Amino acid sequence: MREEWKAAAYADLRVRFPAIWDAAFAEKGEHTFTLFGPSCYVLDADGSRVVIDPCLRFPWMTDQIAARIRNDFARVDAVVLTHAHEDHFDTTLLSMLRNCPVPIVVPEFFTPEQLASTSLPDTRFIRVRAGERIRLGRFIFTAYRSAHFRPSGSGIDEMGYLIETSRQRMLFPCDVRDYNPAKLPPVGEVDTLFLHVWLGTANALNLPCEPFLSDTVRFVLATGARQVVLAHLMELARTLPELWTYTHAGLIADALIAARPDINILLPRLGVRLTL
Ligand SMILES: [Zn+2]
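Residues numbered from 1 in each chain as written. Predicted model: local features only at pLDDT ≥ 70, side-chain atom pairs only at ≥ 80, totals over all residues.

1. A few points about the overall build of the protein
In terms of regular secondary structure, the protein is built from seven helices and 14 strands. The C-alpha atoms of the protein give 18 Å as radius of gyration, which agrees with the globular expectation for 276 residues (19 Å, within 12%). Principal axes of the C-alpha set define a box for the protein whose edges measure 50 × 45 × 35 Å. Counting every position in the protein, which comprises 276 residues, the buried fraction comes to 38%. A fraction of 64% describes how many contacts in the protein between residues 6 or more apart in sequence connect residues 24 or more apart. (Helix = DSSP H or I, 4+ residues; strand = E, 2+ residues; numbered from the N terminus. Rg over C-alpha atoms; globule rule 2.2 N^0.38 Å. Buried ≥ 20, exposed ≤ 12 C-beta atoms within 10 Å, placed from the backbone. Contact = placed C-beta atoms within 7 Å.)

Here you go:
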């Protein structure tokens, strides 16, 4: 990645963000998902819609879509949160849901202070424990503790989810910092894995980012998923050594295809709806 490419991506985002948001919140699809941020998902299936980790990374984004948030979230069955990092937990956006009755699923370890920072009443939150299975519209989410802690111990509590629909079992570990396959939950067969690309702290320019590349691939293969979504790319608030891009997704894709030629790889771009 080069600074000028990142600058071009930022300039493009400033122009196109409202259209990206529109595409994500357009009519419901059938087993589709659309990203409106690097790790912000609108997930549609069986006539239901769930939004995972809605986050507007720059204040100008909030200004651009503030007028439509209420209407767009009125057609959402639930918002689901994973962890409290600033690129996943956006208290400003959540506070804008005050007059929209969408329930918000929060991991049990979110503190009262964190929830209060959204200025939403406590009644809006559904607390979910690891191992718990909850129905959200036609989706079934089963929560588990995901591995956002590094092997060294640094990190943050995080909830991952097994997401079931009428025709998909999807594993959503969110941000993984410990690719030890033993940290995967015993969920059985998985159709689709959502992988948030991360190949080591401040390691993005040290291509090919080993040993994290091989560790990541081992982790993906251990899930047995027949399809992998490579996301959390182009988080433009980050510096280049922390910025995961299509280069890194390409490395993972090459290694996965070498190990398992029949694997299907989805590489979403913001505002482009993909079928699962
Ligand atoms: Zn995180």
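Next, the rest of the story.
2. Things to note about the sheet that holds strand E5 (residues 104-107)
Spatially, the seven strands line up as an open sheet ordered E6-E5-E4-E3-E2-E1-E14, and their pairing is mixed. The sheet is open, and its two edges are formed by strand E6 (125-128) and strand E14 (274-275), each paired on a single side. The sheet contacts of helix H1 (residues 3-24) involve strand E1 (32-37) and strand E2 (40-45), and relative to E1 the element is tilted by about 155°. (Pairing = 2+ DSSP bridges. Axes fitted to C-alpha atoms, helices over the stretch in contact; angles between N-to-C directions.)

3. Focus on the sheet that holds strand E10 (residues 169-172)
Taken in spatial order, the seven strands line up as E7-E8-E9-E10-E11-E12-E13 in an open sheet, and their pairing is mixed. Strand pairing shows two members of the sheet lacking a second neighbour, strand E7 (133-136) and strand E13 (264-266), which therefore form its edges. For this sheet, the mean inter-axis angle between neighbouring strands, taken without regard to orientation, is 25°. Two strands pair when backbone bridges link them, and E10 and strand E11 (residues 192-196) are joined in this way by two bridges, in the parallel orientation. Of the residues in E11, the one forming a bridge with Leu171 is Leu193. Against the sheet, helix H7 (residues 246-259) engages strand E12 (227-231) and E13, with an angle of about 165° to E12.

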